[in-house]
Amino acid sequence: MVVDYQCIMPSLVQISGCYHTRFITTAGKAKFTGATHFDIHPENAMQKALEIVAMAVDAYAERDPARVEIPVEPVEIMTGFSNEAVLEALGGTLTPLLDAVKSGAIRGFVGIVGCNNPKIKQDSANVGLAKELIKRDIMVLATGCVTTAAGKAGLLVPEAASMAGDGLKGVCEALGVPPVLHLGSCVDNSRILHLCGLIAKELGVDISDLPVGASSPEWYSEKAAAIGLYAVASGIQTHLGLPPNILGSETVTDLALNGLQDIVGAAFHVEPDPIKAADLLDARIKDRRTRLGLSE
Ligand code: SF4
């Protein structure tokens with residue numbers, strides 16, 4: 001197991017020690033007690049990677065099949081949807097995408113971002129929400145650890161278009177892309193915001209006027225909640241599957257759920273049920289479409 005400095009539980013070193021697994025850190029600012037450290041920089045990355053692979057190969061001989069169960073088969077995913085790649089796939093212009101939004105083939109977009117949370121059955125909210133949204137012709141943009149959940153659920157391949165509503169399905173089939181586009185790690189949300197900015201500029205409106213939403217159904221890291229605030233501050237209505245630790249203050253809670261609406265044009269929803277969360281995000285998209293004069 002190789003880690004850098006994203007959200008890594010220190011106890012993973014001990015858990016790895018229960019098996020035959022070597023635990024390797026790669027970032028000088030995030031060393032773990034008991035881990036093997038490889039000081040990796042771009043210049044030596046290939047050499048170090050070969051050394052790590054050799055270590056893994058050696059360790060394989062120690063695997064005890066009675067104790068190690070690998071539960072899933074590898075799955076295919078289509079990834080690498082930077083904004084540049086999206087624009088390239090669209091022929092260098094946003095027009096085909098905007099036309100699909102205007103016609104209602106794509107009713108809107110929701111960025112699903114973030115983690116798995118041990119308080120929620122693993123992947124159930126991440127995958128449940130994504131499936132429900134694409135069914136409603138709402139395209140999903142995924143970043144962060146939710147990607148693994150979406151990939152395992154078969155949502156990151158073009159064939160997943162069969163799980164989408166007729167409009168979104170048609171667009172995905174025409175472009176050969178999945179209905180859930182993976183845009184990177186959870187710190188790559190700037191890409192989603194940039195895309196929203198480009199669309200808003202093209203339509204001559206504010207980001208808060210767009211038929212878009214954001215969600216972190218299984219967030220656990222404060223980083224993910226902070227990213228949610230970034231989305232709200234940019235005018236994007238944002239759903240969280242669990243409340244942040246603000247309930248001690250009625251004022252702050254009310255500001256997050258309601259008060260921000262008048263200031264930045266968006267606020268938070270908190271809803272653990274993925275279908276009800278889809279209803280909330282869908283209602284916002286419907287409202288914004290109506291305000292923009294787009295038919296449903
Ligand atoms: S999605 Fe969550 S758990 Fe994964 S790296 Fe981001 S903040 Fe950490």
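Residues numbered from 1 in each chain as written. Predicted model: local features only at pLDDT ≥ 70, side-chain atom pairs only at ≥ 80, totals over all residues. Heavy atoms only, no water.

K.L.:
I would appreciate a short explanation of the domain arrangement of the protein in the present structure.
P.N.:
For interface size, the figure often reported is the accessible area lost on association. Looking at the protein, the domain boundaries give domain 1 (2-60) and domain 2 (83-291). If you average the C-alpha positions of domain 1 and of domain 2, the two centres end up 33 Å apart. (Domains from an automatic or database assignment.)

K.L.:
Where do I start with the pattern of salt bridges in this structure?
P.N.:
Any two side chains of opposite charge can pair, on the condition that their charged atoms come close. Summed over the entire model, instances satisfying the criterion amount to 11 salt bridges. Residue D282 pairs with R107 through a salt bridge whose shortest N-O separation is 2.6 Å. On the criterion of sequence distance, the pair formed by D282 in helix α11 (residues 274-291) and R107 in the loop between α4 (95-103) and β4 (108-113) is long-range, its members being 175 residues apart. Assigned by exposure class, D282 and R107 land together as buried. (Salt bridge = Lys/Arg side-chain N within 4 Å of Asp/Glu carboxyl O. Helix = DSSP H or I, 4+ residues; strand = E, 2+ residues; numbered from the N terminus. Buried < 20%, exposed > 50% of the residue type's maximum accessible area, 1.4 Å probe, protein only.)

K.L.:
What should I look at first to understand the sheet that holds strand β7 (residues 212-216) in this one?
P.N.:
Strand order across the open sheet formed by six strands is β6-β5-β4-β7-β8-β9, with parallel pairing between neighbours. Two strands in the sheet have a free side with no partner beyond their single neighbour: β6 (180-184) and β9 (268-270). Sheet twist, expressed as the average angle between the axes of neighbouring strands with direction ignored, equals 25 degrees. Pairing of β4 with β7, which is carried by four bridges, proceeds in the parallel orientation. Following the sheet pairing, I112 is matched in β7 by S215. (Pairing = 2+ DSSP bridges. Axes fitted to C-alpha atoms, helices over the stretch in contact; angles between N-to-C directions.)

K.L.:
So what exactly am I meant to see when it comes to the environment of S249 here?
P.N.:
Tracing the sequence through the fold places S249 in the loop between β8 (238-240) and α10 (250-264). Judged by its relative accessible area of 27%, S249 falls in the partly exposed class. Linking S249 and L195, residues 54 residues apart in sequence, is a C-alpha distance of 34 Å. Within the structure, the side chain of S249 is placed 3.0 Å from the backbone nitrogen of V252, a separation counted as a polar contact. (Polar contact = N/O pair within 3.5 Å; in protein donor to acceptor, adjacent residues only side chain to side chain.)

K.L.:
Just to check I follow, could you spell out the packing of aromatic side chains for this structure?
P.N.:
Centre-to-centre distance and the angle between the planes together describe a pair of aromatic rings. Counting across every chain of the model gives one aromatic pair. Between F23 and F32, the ring centres sit 5.8 Å apart and the planes meet at 55 degrees, which makes this aromatic pair tilted. Given the relative accessible area of 4%, F23 is considered buried. Between the NZ or CZ atom of K29 and the centre of the ring of Y5, over which it lies, the distance is 4.5 Å. The residue whose ring lies beneath R67 is Y19, and the NZ or CZ to ring-centre distance is 4.8 Å. (Phe/Tyr/Trp six-rings, centres within 6.5 Å; stacked < 30°, edge-to-face > 60°. Lys NZ or Arg CZ within 6 Å of the ring centre and 35° of its normal.)

K.L.:
Explain the sheet that holds strand β3 (residues 36-37) here, please?
P.N.:
To summarise the sheet geometry, strands pair through backbone hydrogen bonds and adopt either a parallel or an antiparallel arrangement. Spatial ordering of the open sheet is given by β1-β2-β3, a layout of three strands whose pairing is parallel. Of all the strands in the sheet, the pair left with one neighbour each is β1 (2-3) and β3. Strand direction decides the pairing type here: β1 and strand β2 (residues 24-25), joined by two bridges, are parallel. If you follow V3 over to β2, its bridge partner there is T25.

K.L.:
Would you explain the nonpolar core in this entry?
P.N.:
One broad trend across soluble globular proteins is that nonpolar side chains are buried collectively. By size, the foremost hydrophobic cluster in this structure holds 54 residues, and its most contacted members are I106, I112, L133, M139 and I236. Here this core gets six residues from one element, more than from any other, and that element is helix α8 (residues 189-203). Those residues in contact with I112 that lie beyond four places of it in its chain are N126, L129, A130, L133, V140, L141, A142, T143, V146, S215 and P217. (Core = buried A, V, L, I, M, F, W, Y, C linked by side-chain atoms within 4.5 Å. Contact = heavy atoms within 4.5 Å.)

K.L.:
Hey, could you run me through the side chain of T147 in this one?
P.N.:
With respect to the helices and strands, T147 occurs in helix α6 (residues 146-152). On the basis of relative accessibility, which here comes to 9%, the residue T147 falls in the buried class. Of note is the side chain of T147, whose polar atom sits 2.6 Å from the backbone oxygen of G144.

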